[in-house]
Amino acid sequence: MAVLAAAAALVVLVPLSRGGRAAGAPSPAIAIYRDQLEEVDRDVSRGLIAESEAEAARTEIARRLIRADAEAAPPEPDRPLARRAAAILAIAAPLVAFGAYLWLGSPEMPDQPLSSRLDTPLDQADVQTLVAKVESHLAAHPEDGAGWEVIGPVYLRAGRYDDAVRAFGNALRILGSTAARETALGDAMVRANNGLVIADAHAAFERAAKLDPTAIAPRFYLAVALGQDGKKPEAVAAWQALLKDAPADAAWAPVARAALAKLEGSAAPTAAASAAPGPSEADAAASADMAPEERLQMINGMVAQLAGKLAANPDDPEGWARLVRSYIVLGRTDDARDALKKARTALAASPDRLAPVEAEARSAGIE
Amino acid sequence: MIAELGHFALVLALALAAVQSVVPLWGALDREPRLMAVAPPAAIAQFLFTGLAFAALVHAYVTSDFSLLNVVENSHSSKPLLYKITGVWGNHEGSMLLWVLILTLFGALVAAFGRNLPDRLRALVLAVQGWIASAFFLFILLTSNPFIRLSPAPAEGNDLNPVLQDIGLAIHPPLLYLGYVGCSISFAFAVAALIDGRIDAAWARWVRPWTLAAWIFLTLGIAMGSYWAYYELGWGGFWFWDPVENASLMPWLIATALLHSAIVMEKRNALKVWTVLLAILAFSFSLIGTFLVRSGVLTSVHAFASDPTRGIFILVILCLFIGGALSLFAFRASTLTPGGIFAPVSREGALVLNNLFLTAAAATVVVGTLYPLALEALTGTRISVGAPFFNLTFGPLMVPLLMLVPFGPMLAWKRGDIAAAAERLMAAFGIALVAAAAAAFAMGATDILALAGIALAAWLMAGALSETAFRIKLFQAPLAESFRRFVGLPRSALGTALAHFGLGVTMLGLVAATSWSSEDILTMKPGESVTVGGYQVTLEGFIPRPGPNYEEIAVRFLVRDGGVTVRTMEASKRNFATRATSTTEAAIATFWPSQVYISLGDIATDGATTVRLYWKSLATLIWLGAIVMALGGALSLSDRRLRVGAPRPARKLAAVPAE
């Protein structure tokens, strides 16, 4: 950069230190007229114009030549003061440029082309970079089924459901059909369609149920589908069959009971059926087949999501209440207190709306 | 590091532009040669620094360096290499950088090839270039900086607007900018002449080729933009009187006028004041065009970003340069000495008439483009000014102009003979009538306006040819003599004839394509056929397939002529997941010089699709004519003879009009 700046200064300084055009040289205007006169002669000799026209042209040029001669002024003597001022300006300009650049630019930042970002060591890379890495690998090796299987759940967690459908679909096509893969594909399709069990997803769940009749998730979704199709008696039967096989502490059981209750027309007493938007049916069903630590991770993820949403849009008393309750349930009392504090600040303008949050905090005794 | 180097080079270019706008001006006013001598190296270095900045941005795009905000917003790592490069100017910041790159390129060219310019004139011209460059460097650095960094770099970019992912983006903007910015040279010369208070021979000798070069690029840029809109936007139209199109048409009309008045200026030393005014206006319209397109006042594919601070910044630049130049003109124009005199009927007179028509036509376009904007700003009423307005105003102005075009080159300088010119054009007139009669016979005499248009187009083409035929004494002298004369013809004369001929070709295409094209909108299933312009078009089937950064469904059509398959066409719909948008790729088959144009509507789930089928009668001629015009300009540009418009002596009538 210093080299560039020096070059810029030199470009201006060199001509300043050199002499101007030698005095006594003909002015360019007069040179042009002389060339024109020569060209008229050439045109005449090539037969392009008649002698009479050439004569007229010469007269015209001569007229202009005389005028140009009269207008030519002798150059003035040079002024060292002006030159010195200009030289100072010339040196100052790159310096000012340097200052302006420091203000506008980010000199400490290196380039980060895609290739170098993909080369960062695994333990330092963030999730996005890892995703990009796998994606570029898959773009080069689209027949790597294991790769698709790895990236599918990542897409799912990132909310990129269409990509997840594509990934699971590819994994299925390349590695062959298993109950787990069919279920994953169907699950992604349902999420991509806002919880609706579309025909393709339905087919996938049916294949999964056939491959592994004991798996819970496909049966769960098929029951949901029956409900969505308005086939009430069949749906009720499916839910009942599912609940009969359920272990007592199954995470999805409340959801199933709520759905059953809704179908049977009675009010559901369980928490999951309350009006507050809890985990979606799809989430609950997915958690059914999860290991406990995975499930905890998923719940933590959802709570973090809620906290993020509230940070962006704090004017939501019910949301704050839900967040406080979630932290308490998870045993994160400090976070719950923190959330309560934040809710108080956010809703300071309308204390009456803070009531549900306060109530939640009081019931857990954190205040 | 490369990105930061580019950023620094850009700031340095601004510093040099600032020096270049002050020091040479000072030198010129003070008659100090060493201060004036600063201008050329500063201009060249400025171009090199801007080039470095541009190269750094291209590098960032090619390597998908998403630590640059501009790259994140407009690129994607899976984009094909060509679109990574063209994507550099497929957005506001990058396109402004291209703008100044071309500006500094022209400045460097003046510096490098301007040795035979008087020192004062060169210093002043480069100083004015320096002002323009400083303003735009400031604009870029303060409101549209493409080198803003982002940390941490996101993994993937937002991709380029799919409509712009086309070879057209590689051609149309650079050409158009070469045209727009080329006008800045004539502007700088004009302002320099006004500051200096005089115009000498070197002035005229320089302005005409620069104007001509700018005009060639502008012509090609507009034609390319029109063809791109025609095949990419899928409406099957080629000109919509859209404000963005008008923004490029206005400088073109004025540049065309300037081109013609600069001829008078160079050859006859007349029309100086008028030429200076046109030079100022041509660049002013280029600036207005840039403002309209870039400020977000208009919404279109060109309005990449609408940011009020940018709009105001450009508006200030606009007022400073246009207002400043016009006030300077008002104060100083009287100091310019008027040049040669001429009779009303003469080549000069014809060119003045051409200028009047062209500027009046430009004025109607200005009104049609700016009036709706002004009305909306003042009263909030939204009106749309479209083809009907322009047909009623622009059309009637162009028709007499086009009728007069063949006369111009037939007239002699200083004093001409209209009767003799008319006599020489009798053949062309006859050809025009025959062409109209032939069209009436072929297409039916129902559309009188279209027939008149055909006659006019034939008149233009035949007129251009008969001028050359007359000059080489075709059919009046032995063929060998004619050939010798043809070889001896100045290239500028051939260029004139070619450009005027191209105008006729474009006219023919416009008339035929608007009058005798057909349009069908229907739903088709595989196996179904329809007749378009005498050909049977059959929908063969749907082909889904992946592209590099999109998924597409191509629909294949077979074109049969009397049962024989002559062409396969594929129209498609592309879906770009990153931007969640889709584009329609029209299929075009050229049956010289007409075209079959197929564009897809919605594809239904039951395997049927809406299809628009057009028969575009003689449509290719529209753009071909523009290319012929540009070729004519290039031919004329290659003729670097010194020009003196030798007047015909008053006492005796020579047979050959002088070149």
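Just so it is clear, the model here is predicted, and its values are computed rather than measured.

Chemist: Break down the overall build of chain A for me, citing the residues and quoting the values.
Modeler: Tallying secondary structure elements over chain A gives 18 helices and zero strands in all. For chain A, the proportion of its 367 residues judged to be buried stands at 37%. Taking the intrachain contacts of chain A between residues at least 6 apart in sequence as the baseline, contacts between residues at least 24 apart amount to 46%. For chain A, the exposed surface amounts to about 20,100 Å²; the carbon and sulfur share of it is 59%.

Chemist: Residues and numbers for the nonpolar core, please.
Modeler: Of all hydrophobic cores here, the largest spans 170 residues; its most connected members are Trp99, Phe189 and Trp203 of chain B. Ranked by residue count, the leading element in this core is helix H8 (residues 168-196) of chain B, at 17 residues. What Trp99 of chain B contacts, discounting residues up to four positions off in sequence, is Ile132, Phe136, Tyr177, Val181, Phe283, Leu287 and Thr290 of chain B. Listed in part, the 41 residues of the second largest apolar core include Ala188, Ala201, Ala256 and Leu260 of chain A.

Chemist: Outline unusual backbone geometry, listing residues and values.
Modeler: When glycine is set aside, most residues are seen to have a negative phi, and most peptide bonds are trans. Residues and elements named next belong to chain B. Despite not being glycine, Ser64 shows a phi value in the positive range, around 50°. Its place among the elements puts Ser64 in the loop between helix H3 (39-62) and helix H4 (69-74). Residue classification places Ser64 among the buried positions, given a relative accessible area of 1%. With a phi angle near 55°, Trp241 is a residue other than glycine that sits in the positive phi range. Within the secondary structure, Trp241 is located in the loop between helix H9 (201-232) and helix H10 (243-268). By relative accessible area, Trp241 is classed as buried at 14%.

Chemist: Tell me about helix H1 (residues 2-30) of chain B, and please be specific about residues and values.
Modeler: Residue and element names in this part refer to chain B. Under the 1.5 Å per step criterion, the end-to-end length of H1 is 41 Å for 29 residues, consistent within 8% with the ideal 42 Å. Among the 29 residues of H1, 22 are classified as buried, and the element is accordingly described as predominantly covered. Downstream of H1 by one or two residues, Arg31 has phi in the positive range, about 55°.

Chemist: Talk me through the environment of Pro80 of chain B; I want residue IDs and the actual numbers.
Modeler: Residues and elements named next belong to chain B. With respect to the element layout, Pro80 can be found in the loop between H4 and helix H5 (81-86). In this structure, the C-alpha to C-alpha distance between Pro80 and Val62, residues 18 residues apart in sequence, is 9.6 Å. Apart from residues lying up to four places away in sequence, Pro80 is in contact with Pro548 and Asn549.

Chemist: How would you sum up the packing of helix H6 (residues 92-113) of chain B against H8 of chain B? Please name residues and give values.
Modeler: Residues and elements named next belong to chain B. At a minimum axis separation of 9 Å, H6 and H8 run at an interaxial angle of 50°. Classified by the interaxial angle, the pair formed by H6 and H8 is oblique. Like other packed secondary-structure pairs, H6 and H8 cross with a definite hand, here right-handed. Mapping the contact onto sequence places Ser95, Leu98, Trp99, Ile102, Leu103, Phe106, Gly107 and Val110 in H6 and Pro174, Tyr177, Leu178, Val181, Gly182, Ser184 and Ile185 in H8. Residue composition of the contact of H6 with H8, grouped by class: eleven nonpolar, four polar and no charged.

Chemist: Describe the sheet that holds strand S5 (residues 564-576) of chain B, listing the residues and the values that go with them.
Modeler: All names here are of chain B. With antiparallel pairing, five strands are arranged side by side in an open sheet as S2-S3-S4-S5-S6. The sheet terminates laterally at strand S2 (529-532) and strand S6 (581-585), the two strands that pair on one side only. When the angles between neighbouring strand axes are averaged without regard to direction, this sheet yields 30°. Bridging between S5 and S6 involves five bridges; their strand directions are antiparallel. The residue of S6 that forms the bridge with Arg574 is Thr583.

Chemist: Summarise the interface of chain B and chain A; cite the residues concerned and give the values.
Modeler: Interfaces are frequently sized by the accessible area removed from exposure as the parts join. Every contact between the two is made by 70 residues of chain B and, on the other side, 62 residues of chain A. Carbon and sulfur atoms make up 63% of the surface buried where chain B meets chain A, a total of about 5,900 Å² over both sides. Inspection of the region where chain B meets chain A yields zero salt bridges. For the interface between chain B and chain A, the tally reads six residue pairs in polar contact (both at pLDDT 80 or more). Elements represented by at least two residues in the side of chain B that touches chain A include exactly H1, helix H2 (33-36), H3, helix H7 (119-143), H9 and H10 of chain B. At 16 residues, the largest contribution of residues to the side of chain B that touches chain A is made by H1 of chain B. Grouping the amino acids of the side of chain B that touches chain A by side-chain chemistry returns 42 nonpolar, ten polar and 18 charged.

Chemist: Kindly report on H10 of chain B, identifying the contributing residues and their values.
Modeler: Residue and element names in this part refer to chain B. Between its first and last C-alpha, H10 extends 37 Å over 26 residues, near the 38 Å set by a 1.5 Å rise per residue. Burial analysis of H10 places 24 of its 26 residues in the buried class, which makes it a mostly covered element. Asn269, located one to two residues past H10, shows a positive phi value of around 60°.

Chemist: I'd love a proper account of the pairing of S2 of chain B, names of residues and values included.
Modeler: Residues and elements named next belong to chain B. Here S2 shows one buried face, formed by Val530 and Val532, and one open face, formed by Ser529 and Thr531. Two elements, S2 and strand S3 (residues 535-546), share four bridges in a ladder whose sense is antiparallel. Considered in S3, the bridge of Ser529 is made with Thr538. Between S2 and S3, which pair antiparallel and follow one another directly, the connecting turn spans two residues, one of which, Gly533, has a positive phi of 50°.

Chemist: Give me the lowdown on a nonpolar patch on the surface, citing residues and values where you can.
Modeler: There is a patch of nonpolar side chains on the surface, built from Trp103 of chain A together with Leu138 and Leu142 of chain B and spanning about 350 Å² of accessible area. Here Leu142 of chain B lies in helix H7.

Chemist: Break down the environment of Ala17 of chain B for me, citing the residues and quoting the values.
Modeler: With respect to the helices, strands and loops of the structure, Ala17 of chain B is situated in helix H1. Non-local contacts of Ala17 of chain B, meaning those with residues more than four positions away in its chain, are made with Gln46, Gly130, Ala133, Ser134 and Phe137 of chain B.

Chemist: Hey, could you go over the packing of aromatic side chains for me, with residue numbers and the actual values?
Modeler: Counted according to the given criterion, the structure contains 29 aromatic pairs over all chains. Ring centres of Phe205 of chain A and Tyr221 of chain A lie 4.4 Å apart, and the angle between their planes is 10°; on these two criteria the pair is classed as stacked. Of this pair, Phe205 of chain A sits in helix H10 (residues 199-211) while Tyr221 of chain A is found in helix H11 (residues 216-228), placing the two residues 16 residues apart along the sequence. Phe205 of chain A sits in the buried class, given a relative accessible area of 0%. Here the aromatic rings of Phe220 of chain A and Trp239 of chain A are separated by 5.2 Å at their centres, their planes lie at 85°, and the arrangement is edge-to-face. Within this pair, whereas Phe220 of chain A is found in helix H11, its partner Trp239 of chain A is found in helix H12 (residues 232-245), the two being separated by 19 residues in sequence. Like Trp239 of chain A, Phe220 of chain A is buried. Taken together, the ring pairs in this structure connect Tyr227, Tyr230, Tyr231, Phe238, Tyr597, Tyr614 and Trp623 of chain B into an aromatic cluster. Positioned over the ring face of Phe591 of chain B is Arg567 of chain B, at 4.5 Å from the centre of the ring.

Chemist: Please provide a residue-by-residue account of the confidence of the model for chain A, values included.
Modeler: All names here are of chain A. The predicted model of chain A has a mean per-residue pLDDT of 75, with 79% of residues at 70 or higher. Within chain A, the lowest mean pLDDT, 59, falls on helix H14 (residues 281-288), and the highest, 88, falls on H10. Considering only residues more than four positions removed or in separate chains, one finds that residues 20-25, a stretch of pLDDT under 50, has five contacts. Segment residues 266-278: pLDDT under 50, and ten contacts once partners within four positions in sequence are set aside and those in other chains are kept.

Chemist: How would you explain the sheet that holds strand S8 (residues 594-603) of chain B if you had to name every residue and give the values?
Modeler: The strands making up a sheet are joined through hydrogen bonds of the backbone, oriented either antiparallel or parallel. Residue and element names in this part refer to chain B. The strand order across the open sheet built from four strands is S1-S9-S8-S7, with neighbouring strands paired in antiparallel fashion. Each having just a single partner strand, strand S1 (518-524) and strand S7 (587-591) make up the two edges of the open sheet. Pairwise comparison of adjacent strand axes, ignoring direction, gives a mean angle of 15° for this sheet. Direction of pairing for S8 relative to strand S9 (residues 609-616): antiparallel, over a ladder of seven bridges. What sits directly across from Val596, in S9, is Trp615.

Chemist: Let's hear about the environment of Arg332 of chain A: which residues, and what values?
Modeler: Take Arg332 of chain A: it is sitting in the loop between helix H16 (317-329) and helix H17 (333-346). Residues within four places of Arg332 of chain A in sequence aside, it is in contact with Asn300 and Tyr327 of chain A.

Chemist: Outline the packing of helix H7 (residues 145-158) of chain A against helix H8 (residues 161-175) of chain A, supporting the account with residue identities and numerical values.
Modeler: Residue and element names in this part refer to chain A. Interaxial distance between H7 and H8 falls to 8 Å at its minimum, and their mutual angle equals 155°. Put simply, H7 runs roughly antiparallel to H8. For H7 against H8, the interelement crossing comes out left-handed. Residue-level inspection shows Gly145, Ala146, Trp148, Glu149, Ile151, Gly152, Pro153, Tyr155 and Leu156 of H7 in contact with H8, the latter providing Tyr161, Asp163, Ala164, Arg166, Ala167, Phe168, Asn170, Ala171, Ile174 and Leu175. Split into classes, the residues belonging to the contact of H7 with H8 amount to 13 nonpolar, three polar and three charged.

Cut-offs used in this document
- Residues numbered from 1 in each chain as written.
- Chains lettered and ligands numbered in written order.
- Predicted model: local features only at pLDDT ≥ 70, side-chain atom pairs only at ≥ 80, totals over all residues.
- Heavy atoms only, no water.
- Helix = DSSP H or I, 4+ residues; strand = E, 2+ residues; numbered from the N terminus.
- Buried < 20%, exposed > 50% of the residue type's maximum accessible area, 1.4 Å probe, protein only.
- Contact = heavy atoms within 4.5 Å.
- Areas by Shrake-Rupley, 256 points an atom, 1.4 Å probe, with all protein chains shown as cover.
- Core = buried A, V, L, I, M, F, W, Y, C linked by side-chain atoms within 4.5 Å.
- Expected span 1.5 Å × (residues − 1).
- Axes fitted to C-alpha atoms, helices over the stretch in contact; angles between N-to-C directions.
- Parallel < 35°, antiparallel > 145°, perpendicular 65-115°, else oblique.
- Left-handed = near helix turned anticlockwise from the far one by under 90°.
- Nonpolar A, V, L, I, M, F, W, Y, C, P; charged D, E, K, R; others polar.
- Pairing = 2+ DSSP bridges.
- Buried area = accessible area lost by both parts, 1.4 Å probe.
- Salt bridge = Lys/Arg side-chain N within 4 Å of Asp/Glu carboxyl O.
- Polar contact = N/O pair within 3.5 Å; in protein donor to acceptor, adjacent residues only side chain to side chain.
- Patch = residues over 30% accessible without salt bridge, like charges linked within 9 Å, V, L, I, M, F, W, Y side chains within 5 Å.
- Phe/Tyr/Trp six-rings, centres within 6.5 Å; stacked < 30°, edge-to-face > 60°.
- Lys NZ or Arg CZ within 6 Å of the ring centre and 35° of its normal.
- pLDDT = per-residue confidence, 0-100.

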